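What follows is each chain in one-letter form.
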Amino acid sequence: MRPIQKLPDHLVNQIAAGEVVERPASALKEMLENSLDAGADKITVDLAQGGIKLIRVSDNGSGIEAEQLPLALDRHATSKIGSLDDLESVATLGFRGEGLASVASVSRLTLTSRPQGADHAHQIIAIDGTLHPVEPAAHPEGTSVEVVDLYFNTPARRKFLKSENTEYAHCAATFERIALAHPQVEFTLRHNGKVVWRLPQQNLADRVSALLGKDFVDAALQVETVAAGLTLTGFIASPTYSKASRDAQYFYVNGRFVRDKTAQHALRQAYRDVLHHDRHPAYALFFTLDPANVDVNVHPTKIEVRFRESQAVHQFLFHSVQRALASTTAGASPPVQL
Ligand code: ADP
Ligand code: MG
């Protein structure tokens, strides 16, 4: 045993990276969320070798001032919250201030940005967590983050990465989850130089159709319920369109893709009488509520949330979906056509 000592910052970041950056797709998620939080309406993603070799996210968002660039890569440094009150009503996707610091500690990261209205862009490079001086660079208004050679300095973690194909599939799934919830944003995804997705600004129905397929949309019922500060909008598959796996289940809380037991249970119950037990309903549902009534700070990657009144949430989701399904099975009103 050694005497107790404080760990160096770089090592602290690498430990945190183990939670936040499980694989290339998790780095991509942090970067895409930052672009959305910056108000971008055009986002381009370039991947090479499943994201292991390269992840580059470019946006036309607010940008970062030159003197703030080192802070953007610093741990616990954020422009999104400043107090406990802010945390309890947080409306941005990020707020922990550890995304870029974690990614930078396990990669070669270049952050280039030009704030809206500024004449010049600047750039900062972090290699193995060490920051190089800020330098002038060429870049349009907005920000690019380039992450090269993820885990090059942590071979033990690198060994946990799967094949390029598998890592690519995770990156594509992350991209699709985020693109689905932001139809007002133009998205492009390229892998190894080839365009995989080019999604224009569009309405939700068109975005759902582009990403989940026309057959899903053709068989979908529209949900639009509002009650006591809770809203649920989106599309659910009619019972005739079910899946043997859960991969067509998209559920969002305040714009964030989550895996939530309460929601899964409520939806499962709503479908219980119309779906065979080994089949899974398909859906793209957007649930919104007052941010003060949901805790998003329970998981480092925020994939889970905690509702203040989970019973009320369960009832609301169950009744919303059950009512939409009943409109078809009762033959009262025809399914909503898109
Ligand atoms: P968080 O998102 O939790 O604040 P990050 O480490 O992901 O933490 O980012 C740190 C800060 O860097 C953000 O709060 C934001 O001010 C800035 N930033 C990161 N990415 C972008 C971007 N694409 N556009 C504008 N600002 C950004
Ligand atoms: Mg972030």
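What you are looking at is a predicted structure, and each value in this text was computed from that prediction instead of being measured. (Residues numbered from 1 in each chain as written. Chains lettered and ligands numbered in written order. Predicted model: local features only at pLDDT ≥ 70, side-chain atom pairs only at ≥ 80, totals over all residues.)

**Student:** Looking at this structure, I do not really get the environment of Pro 239. What am I missing?
**Tutor:** With respect to the secondary-structure elements, Pro 239 resides in the loop between β11 (230–237) and β12 (242–243). The spacing of Pro 239 and Phe 152 is 87 residues in sequence and 47 Å in space, taken between C-alpha atoms. (Helix = DSSP H or I, 4+ residues; strand = E, 2+ residues; numbered from the N terminus.)

**Student:** Would you mind going over the packing of helix α7 (residues 164–181) against helix α8 (residues 204–212) with me for this structure?
**Tutor:** To describe two helices that pack against each other, one gives the angle between their axes and the distance between the axes. Running from amino to carboxyl end, α7 crosses α8 at an angle of 165°, the nearest separation of the two axes being 9 Å. Relative to α8, the element α7 lies roughly antiparallel. Note on packing geometry: the crossing formed by α7 with α8 is left-handed. Residue-level inspection shows Glu 176, Ala 179 and Leu 180 of α7 in contact with α8, the latter providing Arg 207, Val 208 and Leu 211. (Axes fitted to C-alpha atoms, helices over the stretch in contact; angles between N-to-C directions. Parallel < 35°, antiparallel > 145°, perpendicular 65-115°, else oblique. Left-handed = near helix turned anticlockwise from the far one by under 90°. Contact = placed C-beta atoms within 7 Å.)

**Student:** When you look at the nonpolar core in this model, what are you seeing that I'm missing?
**Tutor:** Nonpolar side chains tend to gather and get buried jointly when the protein is soluble and globular. Leu 28, Phe 235, Ile 236, Tyr 283, Leu 285 and Leu 317 are the most contacted members of the largest nonpolar core, which has 87 residues in total. Here the element with the most residues in this core is α7; it accounts for 8 residues. Counting contributing residues per domain, this core is built from domain 1 (9–199) and domain 2 (204–329), each supplying no fewer than three. In contact with Leu 28, not counting residues within four places along its chain, are Val 45, Gly 51, Ile 55, Cys 171, Thr 174 and Phe 175. (Core = buried A, V, L, I, M, F, W, Y, C linked by C-beta atoms within 7 Å. Buried ≥ 20, exposed ≤ 12 C-beta atoms within 10 Å, placed from the backbone. Domains from an automatic or database assignment.)

**Student:** Honestly, the domain arrangement of the protein chain in this entry has me stumped. Any pointers?
**Tutor:** It is common to give the size of an interface as the accessible area that goes away when the parts come together. The domain architecture assigned to the protein chain consists of domain 1 (9–199) and domain 2 (204–329). Summarising the inter-unit geometry, the C-alpha centres of domain 1 and domain 2 are found 28 Å apart. Taken together, the contact pairs 16 residues of domain 1 with 18 residues of domain 2. Taken together, the elements giving at least two residues each to the side of domain 1 that touches domain 2 come down to α1 (9–20), α4 (84–88) and α7. No other element matches α7, which puts 5 residues into the side of domain 1 that touches domain 2. Each residue belonging to the side of domain 1 that touches domain 2 can be placed in one class, and the counts come to 10 nonpolar, 2 polar and 4 charged. (Nonpolar A, V, L, I, M, F, W, Y, C, P; charged D, E, K, R; others polar.)

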